[in-house]
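Residues per chain, in single letters:
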Amino acid sequence: MTTPLLEVKNLKKYFPIQGGIFGKTVGNVRAVDDVSFTLNKGEALGLVGESGCGKSTTGRTILRLLEKTEGQVLFNGTDIHALKKAELRKLRPEMQLVFQDPYSSLNPRIKVGEAIGEALVDHAIMSKKDVRDYVKEILTLCGLAPYHIDRYPHEFSGGQRQRIGIARALALNPQFIVADEPVSALDVSIQAQIINLLSDLQEQKNLTYLFISHDLSVVEHLCNRVGVMYLGSLVELAPREELFSRPLHPYTQALMSAIPVPDPTRKSERIVLQGDIPSPANPPSGCKFHTRCPYAVEKCKSEVPQFKDVGSGHFVACHLVAN
Amino acid sequence: MSEAVVRSNAVEVKPPTKKPASPWRLALREMRKNKLAMAGFVVLILMFLFCFVGPLLSPYSINDAMNVRNGNKPPSAQHWLGTDKVGRDVLLRVMLAGRTSLLVGIVAMMVSVAIGSTLGAIAGYYRGWVDTIIMRLADIIMSIPSLPILIILGAALSELKMDPANRIYLVMFIIGFLSWPGLARLVRGQILMLREQEFMQAAEVLGLRDRRKIFRHLLPNTVPIIIVVATLSVANGILTESVLSFLGLGVVPPTPSWGNMISAANSMIEFQKRPWLWIPPGVCIFITVVAINVMGDGLRDALDPKSKR
Amino acid sequence: MANNLIEFRNLRTNFYTSSGVVKAVNDVSFSIREGETLCVVGESGCGKSVTAMSLMRLVSPPGKTEGGQILYKGQDLLTLKERDMRHIRGNEIAMIFQEPMTSLNPVLTIGDQITEPLLIHKGMTRKDAKKRAIELIELVGIPRAAKIFDSYPHELSGGMRQRIMIAIALSCDPKLLIADEPTTALDVTIQAQILDLMRNIKSEFNTAIMMITHDLGVVAEMADHVVVMYAGKVIEEAPVRELFANPKHPYTQGLMRAKPILNQRQDRLYTIPGQVPNPVELGNNCYFNDRCEHCMSVCVDKQPVLTTYENKHKAACWLYEKGGEVS
């Protein structure tokens, strides 16, 4: 077997909670709590979960926008968190990020052309002279017009700005792109355009995606493997068809049934979860989901379930799932 | 590149109708709507013309021989603002003094902006010990009472018998150096806020160099604040210079400045009997400072996105 | 069928911006019946929120409601004195917002904020108000109501805060509850809880709900009647089953096809090309014409009017114009 493009091993990211007059660390928010997965070249892995489940933090820690607490992130076999600052900078063009908010992720005082092309010049990949034509090419590829190159971000709509963000990430010709909720700030009709763009680009450039979203239906459309996160941990990870036809974890099932279906004739027998998501600063013992799980038994309160393979690449962390 | 992608995702390609509106241009448009600020701006322009073009139109020159017999004449047709005690034309001296005062204000501002924005940006970007050192330095400078320092420095300069022409430049730099900490604090605060913005994370992911991140991405976003503070600090520089020169410690005669011209009012006779000696420079200081402050307020409103609807 | 509770008649609300006049609500007419849930669907900027704000008379400058009528129990709200309007607001018509984080005052306790309308509008004593407030907190499904009464907003999660907003809105038994994207900021599992709660309220108190949303899934689940808006105009209106079974306007059809649906994966999503037109440059035509795949020459020249077809289905589209009047 070939080495995977990305290998995340027991990644943990804790944010210290400071309290008292002297700012002593009184506890930790376990935003990412022991997450492991691998990602092969050309794959698109979806990471799904509700707010505060640590999916965005996972994405950012993988790119080392945040320093890890424990664990390893291997990119083509190189541990990203062991690199020096200058080495990391050299590796940056290989791994890019597309942001959720198309407004705050573009610098309002930098023209679109410069935003897309500056990194190429800064990394001395291209000369200032050639970059302009290249940027025009990338703009066209992302569904914008070449004359947009000299405009400022505020002249664009949300969907167009998201295209600019994608063009910026794409310009460096990366192998791996983390897309952090790239469509959730957009209107439905624009969402579809961006999803199609992302899937076309993946096909053409053989890109590898880590696609972070709270929307299972978007993830189903774009990803060939899907992981479900709850309170900092992966609870289920499986190939797309497998996960959507046979969700095993009670949380995955609840998440799926909670999505409103645009069909008034279908009265869904919905699993409405009780209560709120517990605080990641003080997660429940045992299985973290047991406080809201409709099927929880005694064992779930005390014992942490193993994240185990139940066949055909389907991983799940639940005591109630027998292999 | 596949045609299909282009077609299915294309945004309608219509040629650009108007010139791209940069954030600066938008601010300028906003500024034009503010009548008071524009009035301040016009007054300032007139003041500059008065000081820099005016002397060229005057029949008198700085090199005219002194003529005590012609001294202390009240305003007349030949001398619109009268003459001083050695017979020099006051109008000409007010204009020339304006050159000095405006120049001092502007150069002091530039010194202050250069030091303040750079150090503020570096402190805000790197945080940690770099920040601590720079900000403590700023605290120290801010906590020194500036007037005594300037007075001592002025006295020392007088002792050193410095050439008056060079002395002006030193005054500019000292005023500028003592006023950067305020700006540095403001810029640092802005940078601390801006560096958490998503576009800075984007810059990090792109692997841009620190220099580029600070000077191309962060600082331009603080320029609105810098402009406002800089404008107001020109006024401040002019005032400080006046105070110093009035006390005889800033710009010293024969070079005229508004400040050392007012010092004529020091003597009771001049104050009571010869108001044409000190009223014109006083009025100039007043008009200039008010105009700059009004314009500064207008700039703040135009450049601050929060004050917009 | 129940009586009309609210009737919008040719409502016009304009915004005077530096780049021109934006007709945010452009000649909008529809009505909400007693005890009915009406959903207003559309994308951002289509005027759905402004319609609701016009109803509450909360449009602030540069916006101005400049035409039409809003009839509530036969009375035009737009001509009411501000004092009388204040009585209607909160008392007869209540509103909840999208952002549960910012719509509660952070320095007042939950109890203060729930009892406030009871003290003002209902003239209750403090003791009665507190009792009622605790009942309301329990009603919206929050356990340990007495404890929550004394806590501050920052101690509650987003879902809890939205429940508190609903409790405040319900405090004076309003006839109409306006919910502006009430679940958009919430997670799906919490959204399911809130939608459940709103359904229960509707059936228990017979409160009419005007729900503003962009999510067709939420519409299908909640609505009795649906209004679809585009660029400030109502382009389609129908009972919910009729609308989903038989969407008429190409925009509505496009919206339905563009949304990825769970377990119905297609290779490629349908997309509506282009984007929403610039609101200051609208001409006298169908505003959707440049994005429409059925665009005809008449669509570019003339504006279609909202016409009633079979099954209480209304649409503003030239495609159906022939024979539309007949049936």
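As annotated in an unreviewed UniProt entry, chain C carries the name ABC transporter ATP-binding protein and is attributed to Paenibacillus arenosi. Per UniProt, chain C has the following entry under Sequence similarities (unreviewed entry): "Belongs to the ABC transporter superfamily."

Under an unreviewed UniProt entry, chain B has the name ABC transporter permease and belongs to Paenibacillus arenosi. The record held by UniProt for chain B lists under Subcellular location (unreviewed entry) the comment "Cell membrane". Chain B has a UniProt comment under Sequence similarities (unreviewed entry) that states "Belongs to the binding-protein-dependent transport system permease family."

Draft legend 1. Expanded view of the packing of helix H3 (residues 112-122) of chain A against helix H11 (residues 210-246) of chain B. Two elements in contact, H3 of chain A and H11 of chain B, have axes separated by 13 Å at closest approach and are oriented at 160°. Classified by the angle between their axes, H3 of chain A and H11 of chain B sit roughly antiparallel to one another. Judged by the twist between their axes, the crossing of H3 of chain A over H11 of chain B is right-handed. Taken together, the residues of H11 of chain B that come into contact with H3 of chain A (itself represented by Glu 114, Glu 118 and Asp 122 of chain A) are Arg 212, Arg 216 and His 217 of chain B. Grouping the constituent residues of the contact of H3 of chain A with H11 of chain B by class yields no nonpolar, one polar and five charged.

Draft legend 2. The arrangement of the interface of chain C and chain A in detail. At the interface, 42 residues of chain C touch 39 residues of chain A. A buried area of about 3,700 Å², summed over both sides, lies between chain C and chain A, and 54% of it is on carbon and sulfur atoms. The largest per-residue losses of area from chain C upon contact with chain A belong to Thr 189, Leu 262 and Arg 265 of chain C, which jointly make up 17% of the total buried on that side. Here chain C and chain A share one salt bridge between them. With its nearest N and O atoms 2.8 Å apart, the salt bridge here joins Arg 268 of chain C to Asp 200 of chain A. Joining chain C to chain A, the criterion identifies 12 residue pairs in polar contact (both at pLDDT 80 or more). Among the elements that take part in the side of chain C that touches chain A, helix H7 (residues 188-205) of chain C stands out by supplying eight residues, more than any other. Its residues assigned to classes, the side of chain C that touches chain A comprises 18 nonpolar, 13 polar and 11 charged.

Draft legend 3. Expanded view of the interface of chain B and chain A. In this complex, chain B contributes 38 residues to the contact, which on the side of chain A involves 44 residues. Taking the shortest distance from any N to any O, the salt bridge between Glu 114 of chain A and Arg 212 of chain B comes out at 2.7 Å. For the pair chain B and chain A, the number of links is 17 residue pairs in polar contact (both at pLDDT 80 or more). Secondary structure elements with two or more residues in the side of chain B that touches chain A: helix H1 (3-9), helix H2 (23-33), helix H10 (198-205) and H11 of chain B. In terms of residue count, H11 of chain B provides more of the side of chain B that touches chain A than any other element does, seven residues in total. Tallied by class, residues from the side of chain B that touches chain A come to 20 nonpolar, 10 polar and eight charged.

Rules behind the numbers
- Residues numbered from 1 in each chain as written.
- Chains lettered and ligands numbered in written order.
- Predicted model: local features only at pLDDT ≥ 70, side-chain atom pairs only at ≥ 80, totals over all residues.
- Heavy atoms only, no water.
- UniProt positions renumbered as here; feature names shortened; annotations may be inferred.
- Axes fitted to C-alpha atoms, helices over the stretch in contact; angles between N-to-C directions.
- Helix = DSSP H or I, 4+ residues; strand = E, 2+ residues; numbered from the N terminus.
- Parallel < 35°, antiparallel > 145°, perpendicular 65-115°, else oblique.
- Left-handed = near helix turned anticlockwise from the far one by under 90°.
- Contact = heavy atoms within 4.5 Å.
- Nonpolar A, V, L, I, M, F, W, Y, C, P; charged D, E, K, R; others polar.
- Buried area = accessible area lost by both parts, 1.4 Å probe.
- Salt bridge = Lys/Arg side-chain N within 4 Å of Asp/Glu carboxyl O.
- Polar contact = N/O pair within 3.5 Å; in protein donor to acceptor, adjacent residues only side chain to side chain.

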